[in-house]
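The primary structure of each chain is shown beneath.
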Amino acid sequence: MTQGERRTPARRTVLGAAGATVLGASTTLAAGTGTAQAAAQGGTPGRGHGYRSLPVPIVIGHRGAAGYRPEHTLGSYRHALDIGAHVVEQDLVPTRDGHLVCRHENDISGTTDVADHPEFASRKTTKTVDGVTITGWFTEDFTLAELKTLRAKERIPATRQENTLYDGRWTVPTFEEVLDWAEEEGRRRGREIWLHVETKHPSYFRSLGLGLEERLAKLLRRYGRHRANSPVFLQSFEPSSIQRLAELVDAPGVVLLSGPSSRPWDFVEAGDPRTVADLVTPEGLSWIASYAKGIGPTLDLVIPKDASGRLGTPTTLVRDAHAEGLVLHPYTHRNENTFLPADFRRGTDPTAYGDAFGALKRYLETGIDGIFSDNPDTARLAAADLTARD
């Protein structure tokens, strides 16, 4: 079956609804409900007024628009804006010569064509990163010039076959290139371009002499994105990275939180026994609020799933975090059945689209302040449905 033949009714329905809004009524979504709201208040959303002036809930383009383009490419970032993302995410890892580049992981085996380059065959190696043993090619073993000879490709081609159409189209961007791109896009679109920037494996890279926070802070200052009201969020799964950044810049920090029994890797290295379950208690949230402005919990921390994979009863996390003045940006919404809660899957094809709007409605009704999405158009429509009822 070819790519064109594999589209399902569910996929057509979602894309059709999104396309009608994004393309057929571009003045509504290209400008956005947030823009309309801000215009009524006398400004563009977030322009010079910080994250509290953004519409709620915001849609964060996860790795750009990873549901439609190879992740962490300028093409993915641009498409995220085109289809309605309020904010676009970058994950940062370093090269051997200290440049920050945008990849979800430092292992680039699955997101670039490095395996097709015989000149880099000897760079394949096995490393332990945050306690996990991985065999592949790693950004810290390449200079920026070497990395720029590679081309980006789709990370999960079996699930997102259509994205492979764009394999090889873009290089791996540096964060400085993204900052230049965001300035250019801001001028072209007449609004600030908000970024959500993650430091990946910061303790690991600091141990290699490639500390991320200082390099990131230097770039933020160079581009004027270091202030409390700058259009940027800074995020990390390691609380100490957000604490370090808080000492360097005033931009709002967000602590990412995975499963309840997990421990941040910096906690593991420091012998701190606390788990994520400890951090989502009122006491833990109060501690986070002492140096950060928000949390980025996995969606399961907002609404747990039961043994069958169906959504259960929401936790008190939204209420408790808001009581500490923290915003919540949970991750990650995706349209495909394989990523949806069991009660929102439709049909037997794991790569087909399920009832993404139904799942988003449940999550957004909890009062979260935003959501990471591989499909920003779908999430933006769901957010508009929610705000229309308010």
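A quick note: this is a predicted structure, and the numbers were derived from the prediction, not measured.

Counting its regular elements, the protein chain contains 16 helices and 11 strands. Buried positions account for 55% of the 390 residues belonging to the protein chain. Sequence-distant contacts in the protein chain: of pairs separated by 6 or more residues, those separated by 24 or more amount to 67%.

As enumerated under the stated definition, the model contains 26 salt bridges in all. Its salt-bridge partner being Lys-127, residue Glu-140 comes within 3.1 Å of it at the nearest N-O pair. Here the residue Glu-140 occupies a position in the loop between strand S5 (132–136) and helix H5 (144–147), and Lys-127 occupies one in strand S4 (residues 125–129), the gap between them amounting to 13 residues. Lys-127 sits in the buried class, given a relative accessible area of 16%. For the salt bridge of Arg-222 with Glu-176, the shortest nitrogen-to-oxygen distance reads 3.0 Å. Placement of the pair is Arg-222 in helix H8 (residues 212–222) and Glu-176 in helix H6 (residues 175–189), with a sequence separation of 46 residues. Among the charged side chains, a salt-bridge network with shared partners connects Arg-78, Asp-82, Glu-185, Arg-188 and Arg-189.

Below, the discussion takes up the nonpolar core. By size, the foremost hydrophobic cluster in this structure holds 81 residues, and its most contacted members are Phe-175, Leu-195, Leu-216, Leu-234 and Ile-295. With near-sequence residues (within four places) excluded, Ile-295 lies in contact with Val-254, Val-255, Leu-257, Leu-285, Ile-288, Leu-317, Ala-321, Leu-326, Val-327, Leu-328 and His-329. Ranked by size, the runner-up nonpolar core spans 11 residues in total, among them Ile-58, Trp-194, Tyr-331 and Phe-372.

When you line up the elements, His-329 lands in the loop between strand S10 (327–328) and helix H15 (356–364). For His-329, a relative accessible area of 3% corresponds to the buried category. Between the alpha carbons of His-329 and Phe-372 there is a distance of 6.8 Å; along the sequence they are 43 residues apart. Residue contacts for His-329: discarding those within four places in its chain leaves Ile-58, Ile-60, His-196, Phe-233, Ile-295, Gly-296, Pro-297, Asp-369, Gly-370 and Phe-372. Among the polar contacts listed, one links the side chain of His-329 to the side chain of His-196, at a separation of 3.1 Å.

Moving on to the packing of H6 against H8. Any two packed helices are characterised by the angle at which their axes cross and by the distance between the axes. At their nearest, the axes of H6 and H8 sit 11 Å apart, and the two run at 25° to each other. Viewed along their axes, H6 and H8 adopt a mutual orientation that is roughly parallel. In terms of crossing hand, the pair formed by H6 and H8 is right-handed. Residues Phe-175, Glu-176 and Leu-179 of H6 pack against Leu-216, Leu-219, Leu-220 and Arg-222 of H8. Per-class residue counts for the contact of H6 with H8 are five nonpolar, no polar and two charged.

Calculation criteria
- In every chain, residue numbers begin from 1 and rise along the written sequence.
- Totals for whole chains, interfaces and linings use all residues, but because this is a predicted model, local features are given only for residues with pLDDT of at least 70 and pairs of side-chain atoms are given and counted only at 80 or more.
- Excluded from the side-chain calculations are hydrogens and water; all other atoms, namely the structure's heavy atoms, are used.
- The helix and strand labels rest on DSSP assignments: H or I over at least four residues marks a helix, E over at least two residues marks a strand, and numbering proceeds from the N terminus.
- Throughout, exposure labels follow a simple rule: accessible area from a 1.4 Å probe, protein chains only, divided by the maximum for the residue type, with under 20% read as buried, over 50% as exposed, and the rest as partly exposed.
- Here, residues are in contact when the closest pair of their heavy atoms is within 4.5 Å.
- Salt bridges are identified by distance alone: a Lys or Arg side-chain nitrogen within 4 Å of an Asp or Glu carboxyl oxygen.
- Here, nonpolar core refers to any group of buried Ala, Val, Leu, Ile, Met, Phe, Trp, Tyr and Cys residues whose side-chain atoms link them within 4.5 Å.
- Any pair of N or O atoms that falls within 3.5 Å is considered a polar contact. Within protein, one atom must be able to donate a hydrogen and the other to accept it, and sequence-neighbouring residues count only if both atoms are side-chain atoms.
- Axis angles are defined between N-to-C directions and span 0 to 180 degrees, where every axis is a line fitted to C-alpha atoms and, for a helix, only to the segment in contact.
- Geometric relationships in this document are graded by angle, where less than 35 degrees denotes roughly parallel, more than 145 denotes roughly antiparallel, 65 to 115 denotes roughly perpendicular, and other angles denote oblique.
- Whether a crossing is left-handed or right-handed is set by the direction in which the near helix is turned from the far one by less than a right angle, anticlockwise for left-handed and clockwise for right-handed.
- Polar here means any residue other than Ala, Val, Leu, Ile, Met, Phe, Trp, Tyr, Cys and Pro, which are nonpolar, and Asp, Glu, Lys and Arg, which are charged; Gly is therefore polar.

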